[in-house]
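Fold and geometry: a report
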Amino acid sequence: MSKFWNFVFFQAGWFACVLGAAHQQDLWAVIGSLAYIVFHIWRSQAPKLELSLLLKVLSFGIVTDSLLMYLGLVDFKDAWPSPYLAPAWMWALWLLVASTLNSSLSWLRGKLVLGVVLGAICGPLSYEAGIRLGAANWGSGSQILGLGLISLIWAVAMPLFFYWDRPRVDGALVKNL
């Protein structure tokens, strides 16, 4: 799939999930996003590696967003599948982000400092946009603290995701070096 269409589907999925959550109608947005993710994996040059990357990013996202909820910094409007975990529409967003790493965001690979800076800026902007569109609220904690922690999370996340996706070197090849 072209980088352009990957970007378009990411944006469409982001808006569908956020606006769906804001209006308690996120089921179809999640299903549509997951359908795109299945198509994305199917079209990938290395489907098993792509699936592995997506599952790592998803795990990271569930843990970090659940932590933000637990700390009272972000209050997501939907509690499905559990009041103790970030909602499923956020899971879909993390999968959508992961789908961009080998496509529309591939230009960022190998640019560690730029990844940190863009993650630290764009991550919190995305959360703030979702909150302003009505998908969540800032919790009882400070909005500034929440934005700062989200900035830190995303500053770590972007380089980490590309690290997880680094090319694997075959063991036999290493022995010959």
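Located above this text is the structure these notes cover.
Notes on the structure in this doc start here.

Quick look at the environment of S52 now. By secondary structure assignment, the location of S52 is in helix α3 (residues 47–70). A residue is classified by how much of its surface remains accessible, and S52, at 27% relative accessible area, is partly exposed. Distance from S52 to T64, taken between C-alpha atoms, is 18 Å for residues 12 residues apart in sequence.

Core analysis: the biggest nonpolar cluster contains 45 residues, and F76, W89, M90, L93, W94, W154 and F161 have the highest contact counts within it. Sorting elements by how many residues they give to this core places helix α4 (residues 88–100) first, with 9 residues. Sequence-distant contacts of W89, that is, excluding residues within four places in its chain, are made with C17, V18, A21, D26, V30, F76, D78 and A135.

With a phi close to 50°, Q24 is a non-glycine residue in the positive phi region. Counting through the fold element by element, Q24 comes out in the loop between α1 (3–22) and α2 (27–43).

Attention now goes to the state of the cysteines. On inspection of all chains with the given rule, the structure shows 0 disulfides. The structure places no disulfide on C17, whose sulfur is separated from the nearest cysteine sulfur, that of C122, by 19 Å. For C17, a relative accessible area of 0% gives the class buried.

Running from N to C, α1 and α2 point in directions that differ by 160°, and their axes come no closer than 9 Å. Between α1 and α2, the interaxial angle falls into the category roughly antiparallel. Considering the relative orientation of α1 and α2, their crossing is left-handed. Two secondary-structure elements touch here, α1 through N6, F9, G13, A16 and C17 and α2 through A29, V30, S33, Y36 and H40. Residues that form the contact of α1 with α2 fall into these classes: 6 nonpolar, 4 polar and no charged.

Next up on the list: α3. Residues lying three or four places apart along an α-helix face the same way, a consequence of the helix completing one turn every 3.6 residues. With 24 residues, α3 ought to run about 34 Å at 1.5 Å a step, and its terminal C-alpha atoms sit 34 Å apart, in line with that. Residue G72 follows α3 closely and has a positive phi angle near 80°.

With 20 residues, α1 should reach 28 Å at 1.5 Å per residue; the first-to-last C-alpha distance of 28 Å fits that figure. Buried residues of α1: N6, F10, G13, W14, C17, V18, G20, A21 and A22, and no others. Where α1 is buried, its residues contact α2, α4 and α5 (112–132).

Criteria and thresholds
- Residues numbered from 1 in each chain as written.
- Predicted model: local features only at pLDDT ≥ 70, side-chain atom pairs only at ≥ 80, totals over all residues.
- Heavy atoms only, no water.
- Helix = DSSP H or I, 4+ residues; strand = E, 2+ residues; numbered from the N terminus.
- Buried < 20%, exposed > 50% of the residue type's maximum accessible area, 1.4 Å probe, protein only.
- Core = buried A, V, L, I, M, F, W, Y, C linked by side-chain atoms within 4.5 Å.
- Contact = heavy atoms within 4.5 Å.
- Disulfide = S-S within 2.5 Å.
- Axes fitted to C-alpha atoms, helices over the stretch in contact; angles between N-to-C directions.
- Parallel < 35°, antiparallel > 145°, perpendicular 65-115°, else oblique.
- Left-handed = near helix turned anticlockwise from the far one by under 90°.
- Nonpolar A, V, L, I, M, F, W, Y, C, P; charged D, E, K, R; others polar.
- Expected span 1.5 Å × (residues − 1).

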